[in-house]
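The primary structure of each chain is shown beneath.
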Amino acid sequence: MAVNVIKPGLSTTVQDLGRPGYYNIGIPLSGGMDRLALKAANLLVGNKEGTAVLEAVFMGPELKFAEDATVAVTGAELPPRVDGEPRETWTSFKVKKGQTLSFDFLKKGARAYIAISGGIDVPVVLGSRSTYTLGALGGFKGRKLEAGDKLPVGKGRGAKEGRTIPEKLRRAPGAPAELRMLPGLYWHRITASAGKHFFEDTWKVAPEADRIGYRFRGGRPLEFVPREQPFGAGSDPSNIVDACYPYGSIQVPGGTEPIVLHRDAVSGGGYFMVGTVVSADMDLIGQLQPHTTARFVEVTMAQALKARKDQAKLYEKLKASL
Amino acid sequence: MAQLLSPLPGTFYRKPAPDKPSYKNDGDKVAKGDVIGLIEVMKSFTEVRADAAGKIKFLVDNEEPVMAGQALAEIG
């Protein structure tokens, strides 16, 4: 079975839950940026939670189905249409052979997950079907979709129509989005007052934010504690001797614009990191549109672990609701 | 009057480059398919094309942030 790509959207990629285990050699996790939404989409159509889906950012693709399938769209409010007829998000619906799935303008959020019963059946590369476009790895030929592509889809019976996730179990960022973060190893590099206003200020998502990193601007520049730069570190006060960059870490080159590394992160470099966004809030970052606002909220390790547990509980509730 | 809506969220540019003149000015005649501006998002620029013919009046300034579905101009 295949799905034909009539229009690709802005940057539509095949994603599953990613390929952990190769970050040490520079290959990032990849996978859906909003994992809860990705898993929900799969469950709605009767797939296993980690089946490969399409991640569409800001703009939906136009897809023509060569066979009947069950489809669900979760994450961003990107209203689906089947042959022009509107369908609900977060709800399973049927698409028949020969019908076209298209999308209205984005209403809310940034990334929609389009699950198709049977899953997108591209080859598994290093344990995952996720696309890492920068490395031309995985997904559909290692790249975003293009018009004319024939997407292979696996066999799956597909769940029935009208299965839906209750609204209270759909997580979306507030305005401003509150991103919980744990201060990191290099926290001491900035002054106490810089540390204070980092949390006080409201930041805005820069238009260049993408799957590699989410850049924010608009807060006051960070002031550094003066020091003689150590051997091997660059000359800017925001430089350190090269270190590993965790997924979720926040680097602030030049002390001006924080960048939160996301699923296609670079694995290391020479910028200090103020801290790391808790794993539970990484999904929210994937739903931030450019020019929307966010604040960083300081948490302790205990609070971060509690947030992770709460996120897991939310997913259990979501599963139980179906 | 038909409204031309932004297909994407991002930053709207009315010129192809900072040192170039605007694609179109208020009152100019445009043909269907003419490029009237660019949207920048995720380090890429997407051309915005007129979806109707007529006289154009812009509703958004150069370098202004826009949301998906926001009216960028009126053509009629």
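Being a predicted model, the structure only gives us computed values, none of them experimental.

About the criteria used
Each chain has its residues counted from 1, running along the sequence as written. Both sets of labels track the order of writing: A upward for chains, 1 upward for ligands. Residue-level local features of this predicted model are given only where pLDDT is at least 70; pairs of side-chain atoms are given and counted only at 80 or more, and the full residue set underlies all totals for whole chains, interfaces and linings. Computation of side-chain values: all heavy atoms of the structure, hydrogens and water removed. The numbering of helices and of strands both runs from the N terminus, where a helix is a DSSP run of H or I of at least 4 residues and a strand a run of E of at least 2. C-alpha atoms define the radius of gyration, and 2.2 Å times the number of residues to the power 0.38 defines the globule rule. Exposure classes here rest on a 1.4 Å probe applied to the protein chains alone. A residue is buried below 20% of its type maximum, exposed above 50%, and partly exposed in between. Whether two residues are in contact is decided by their heavy atoms: any pair within 4.5 Å suffices. Per-residue and other accessible areas follow the Shrake-Rupley method at a 1.4 Å probe size, with only the shown protein chains counted as cover for residues. The convention is simple: Lys and Arg are positive, Asp and Glu are negative, and His and the chain ends are not counted. Charged groups are reduced to one reference atom each: NZ for lysine, CZ for arginine, CG for aspartic acid, CD for glutamic acid. Only buried residues count toward a nonpolar core, which is a set of Ala, Val, Leu, Ile, Met, Phe, Trp, Tyr and Cys residues joined through side-chain atoms within 4.5 Å. Domain start and end points were adopted from an automatic or database domain assignment. Once two parts are brought into contact, the accessible area they lose, counted with a 1.4 Å probe and summed over both, makes up the buried area. Salt bridges are counted wherever a side-chain nitrogen of Lys or Arg sits within 4 Å of a carboxyl oxygen of Asp or Glu. A 3.5 Å cut-off defines polar contacts: any pair of N or O atoms within that distance qualifies, except that in protein one atom must be a possible hydrogen donor and the other a possible acceptor, and neighbouring residues in sequence count only when both atoms are side-chain atoms. Each patch is built from residues that are more than 30% exposed by relative accessible area and take part in no salt bridge. Like charges join if they lie within 9 Å; nonpolar side chains (Val, Leu, Ile, Met, Phe, Trp, Tyr) join within 5 Å. When DSSP locates at least two bridges between a pair of strands, those strands are taken to pair.

What chain B contains, in helices and strands, is 0 helices and 8 strands. Ordered by position from N to C terminus, the α and β elements of chain B give β-β-β-β-β-β-β-β. Over its C-alpha atoms chain B spans a radius of gyration of 11 Å, differing by no more than 12% from the 11 Å that the globule rule assigns to 76 residues. Dimensions of chain B, computed from the C-alpha atoms along their principal axes, are close to 30 × 30 × 20 Å. For chain B, buried positions account for 43% of its 76 residues. In chain B, of all internal contacts separated by at least 6 residues, the share reaching a separation of at least 24 is 56%. Accessible surface, chain B as shown: approximately 3800 Å² in total, 49% of it carbon and sulfur. The positive charge centre, built from 10 side chains, and the negative charge centre, built from 11, are 5 Å apart in chain B.

All names here are of chain A. Phe-216 and Phe-296 are the most contacted members of the largest nonpolar core, which totals 105 residues. A total of 8 residues in this core trace back to one element, the largest contributor, which is helix α1 (residues 35-45). Counting contributing residues, this core receives three or more from each of domain 1 (2-169) and domain 2 (177-320). When near neighbours in sequence (up to four residues on either side) are disregarded, Phe-216 contacts Leu-179, Trp-203, Lys-204, Val-205, Ala-206, Glu-257, Pro-258, Val-260, Leu-288, Ala-294 and Phe-296. Formed by 5 residues, the second largest nonpolar core is a distinct cluster that contains Ala-280, Val-299, Ala-304 and Ala-307.

Moving on, we come to the interface of chain A and chain B. At the junction of the two partners, chain A supplies 16 residues and chain B supplies 17 residues. For the pair chain A and chain B, the summed buried surface comes to about 1400 Å²; carbon and sulfur atoms form 74% of the total. For the chain A face of the interface with chain B, the top three residues by lost area are Leu-10, Phe-105 and His-291 of chain A, together amounting to 36%. Linking chain A to chain B there are 1 salt bridge.

Residue and element names in this part refer to chain A. Among the secondary structure elements, Asp-16 is positioned in the loop between β2 (13-15) and α1. A polar atom in the side chain of Asp-16 sits 2.8 Å from the backbone nitrogen of Gly-18. In terms of polar contacts, Asp-16 uses its side chain to reach the backbone amide nitrogen of Arg-129, at 2.8 Å. Once residues within four sequence positions are removed from consideration, Asp-16 is found in contact with Gly-31, Gly-32, Leu-38, Gly-50, Thr-51, Ala-52, Ser-128, Arg-129 and Ser-130.

Turning to a positive patch on the surface, a few remarks are in order. Taken together, Lys-168, Lys-309, Lys-313 and Lys-317 of chain A make up a surface patch of like positive charges. Along the chain, Lys-309 of chain A turns up in helix α4 (residues 301-320).

This part takes up the pairing of strand β10 (residues 108-116) of chain A. Residue and element names in this part refer to chain A. Across the 9 residues of β10, 8 count as buried, placing the element largely inside the fold. With 4 bridges connecting them, strand β3 (residues 53-57) and β10 associate as antiparallel partners. Bridge pairing in β10 links Glu-55 to Tyr-113. The pairing of strand β5 (residues 69-77) with β10 spans 6 bridges and is classified as antiparallel. Within the sheet, the bridge partner assigned to Glu-77 lies in β10 and is Lys-108.

All names here are of chain B. In terms of burial, strand β4 (residues 35-41) is a largely internal element, 7 of the 7 residues being buried. Bridge count between strand β2 (residues 10-13) and β4: 3 bridges; the pairing is antiparallel. When the sheet's bridge partners are listed, Tyr-13 is paired in β4 with Leu-38. Examined bridge by bridge, β4 and strand β5 (residues 44-49) share 6 bridges and lie antiparallel to one another. Note on β5: the bridge partner recorded for Val-35 is Arg-49.

It is possible for side chains of opposite charge to pair when their charged atoms get near one another. Counting across every chain of the model gives 23 salt bridges over all chains. A salt bridge links Lys-7 of chain A to Glu-62 of chain A, with the shortest nitrogen-to-oxygen separation between them at 3.7 Å. Residue Lys-7 of chain A is located in strand β1 (residues 2-7), and its partner Glu-62 of chain A is located in strand β4 (residues 62-65); the two are separated by 55 residues in the primary sequence. Residue Lys-24 of chain B pairs with Asp-34 of chain B through a salt bridge whose shortest N-O separation is 3.4 Å. Linking Lys-24 of chain B in the loop between β2 and β3 (29-30) with Asp-34 of chain B in the loop between β3 and β4, this pair joins segments that are 10 residues apart in sequence. Of the residues examined, Lys-24 of chain B reaches a relative accessible area of 16% and is grouped as buried.

Without other data, these values stay purely geometric and don't point to any function.
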